[in-house]
Structure formats: C-alpha cells, structure tokens
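Coordinate analysis (summary)
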Amino acid sequence: MSLQSTFAIIKPDAVSDGNTGKIIAAIEENGFRIAAMKKIHLSQAQAGGFYAVHKERPFFGELVEFMTEGPVVCMILEKEDAIKAWRDLMGATNPEQAAEGTLRKLYGANIGRNATHGSDAEDTAAFETAFFFSNLEHC
Ligand code: GDP
C-alpha cells in the first residue's frame, strides 16, 4: 500500500472539551503526517453541504446542529493506508461500541457526539478534502 491521504475533523464536542491537543498528539504518535490543518466554525449551510449524503437520514438535523455548535479542527492526514488507519484509530461510530483506546471511546459521548470524523473511502476523501482545503493549503 502506498502513501495515502484522508480527511479528518476534530468535532465541536472534542474541541470544546479541551481534547484537541490530545487528539493531535495521538495522530502524530500513530505515524500520521498532518499535511494541512485549520480551525473553523461551520455555518449550517456548510455543515449541510458537507453531510449532504446523509440528508434523508432521520438524524440529519441533529447532525447539522451539532457540527455548527462550535468550532471544529479540520486536517488532511497522510500515512500508508491512511483512510483505514485513521478510521481504526477513531473507532466505531458509536463510542459505546468502540474498542478501548480508540479516540471515540476516549473522547466521544454517544453516537451523535462522537469526537472525530474520518473519510470512509478514496472518493469521499477527495470530496471532503476539496470541500475544506484548496491545493495551496497542502504542505
Ligand atoms: P462515520 O463514518 O463513522 O462517521 O458514521 P456515519 O457515516 O454512519 O455517520 C456520520 C455521522 O453522523 C456520525 O459520525 C455521527 O456523528 C452522526 N450519526 C450517525 N448515526 C447517528 C444517529 O443515529 N444519531 C445522531 N444524532 N447522529 C448520528
């Protein structure tokens, strides 16, 4: 497997709980290179656009409310097999089902407030990266 990049978010719950630094430390300790990073407060339109794939789901409104309640930290992460490696480090979507030591187990509260986001495939990684970062912001 060659070097791959993925898109990651530290969600508003983890940012407001003061867990940004611990999550970034875990990212670096697990061998990811941070190729881009910024902190932003999403508007409802931006959060809805990012999660458009979920707009028919019953939790869509709750998800948009949550993602706009405070700032998030967005990153492009690089590593061998980065998409799977980052999802493994995050753990299962529902923190109650996430493995011990994973970020969602450590810092998530429930399925809605689960601390981190990670792309689930190469096409979503490309869409999500371009949604938040221009080519000039990768380094
Ligand atoms: P992920 O790829 O592991 O993030 O999971 P999904 O793509 O299935 O869902 C995207 C995000 O929607 C999750 O990370 C949660 O923040 C949120 N979500 C998923 N299921 C639920 C739910 O049942 N209730 C609420 N409130 N949010 C959910």
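Refer to the structure presented above.
Read on for an overview of the structure. Just so we're clear, the structure is a prediction, and the values are computed from it rather than from any experiment. (Residues numbered from 1 in each chain as written. Predicted model: local features only at pLDDT ≥ 70, side-chain atom pairs only at ≥ 80, totals over all residues. Heavy atoms only, no water.)

For the coordinates displayed, the defined rule picks out 5 salt bridges. Between Glu69 and Arg113 there is a salt bridge; the shortest N-O distance is 2.7 Å. Placement of the pair is Glu69 in the loop between helix H4 (60–67) and strand S3 (72–80) and Arg113 in the loop between helix H6 (103–107) and strand S4 (116–118), with a sequence separation of 44 residues. For Arg113, a relative accessible area of 30% puts it in the partly exposed group. When the shortest N-O distance is used, the salt bridge between Lys105 and Glu100 registers 3.9 Å. (Salt bridge = Lys/Arg side-chain N within 4 Å of Asp/Glu carboxyl O. Helix = DSSP H or I, 4+ residues; strand = E, 2+ residues; numbered from the N terminus. Buried < 20%, exposed > 50% of the residue type's maximum accessible area, 1.4 Å probe, protein only.)

A few words now on the site of the ligand. If you check the shell around the ligand, you find Lys11, His54, Phe59, Glu62, Leu63, Arg87, Thr93, Arg104, Ile111, Gly112 and Asn114 and nothing else. A distance of 3.1 Å separates an oxygen atom of the ligand from a polar atom in the side chain of Arg87. Between the ligand and the protein, one listed contact pairs an oxygen atom with a backbone N or O atom of Gly112 at 3.5 Å. Its residues assigned to classes, the shell around the ligand comprises 3 nonpolar, 4 polar and 4 charged. (Near = heavy atom within 4 Å. Polar contact = N/O pair within 3.5 Å; in protein donor to acceptor, adjacent residues only side chain to side chain. Nonpolar A, V, L, I, M, F, W, Y, C, P; charged D, E, K, R; others polar.)

Moving on, we come to the environment of Phe66. For Phe66, the location among the structural elements is in helix H4. Given a relative accessible area of 5%, Phe66 falls into the buried group. Sequence-wise, Phe66 and Pro12 are 54 residues apart; in three dimensions their C-alpha atoms are separated by 7.2 Å. Contact partners of Phe66, with chain neighbours within four places excluded, come to Lys11, Pro12, Asp13, Gly112, Arg113 and Asn114. (Contact = heavy atoms within 4.5 Å.)

On to the side chain of Thr116, then. As for its position among the elements, Thr116 is in strand S4. When neighbours within four sequence positions are excluded, Thr116 is seen to be in contact with Ile9, Lys11, Ile23, Trp86, Met90, Leu103 and Arg104.

By the definition in use, this model includes 9 aromatic pairs. Between Phe7 and Phe133 the ring centres are 6.4 Å apart and the planes differ by 65°, which places this aromatic pair in the edge-to-face class. Of this pair, Phe7 sits in strand S1 (residues 3–10) while Phe133 sits in the segment after helix H7 (122–132); the two residues are 126 residues apart in sequence, bridging distant segments of the chain. The residues Phe7 and Phe133 share a single accessibility class, namely buried. Taken together, the ring pairs connect Phe7, Phe50, Tyr51, Phe127, Phe131, Phe132 and Phe133 into an aromatic cluster. Here Lys79 stacks its cationic end above the ring of Phe32, 4.8 Å away from the centre of that ring. (Phe/Tyr/Trp six-rings, centres within 6.5 Å; stacked < 30°, edge-to-face > 60°. Lys NZ or Arg CZ within 6 Å of the ring centre and 35° of its normal.)

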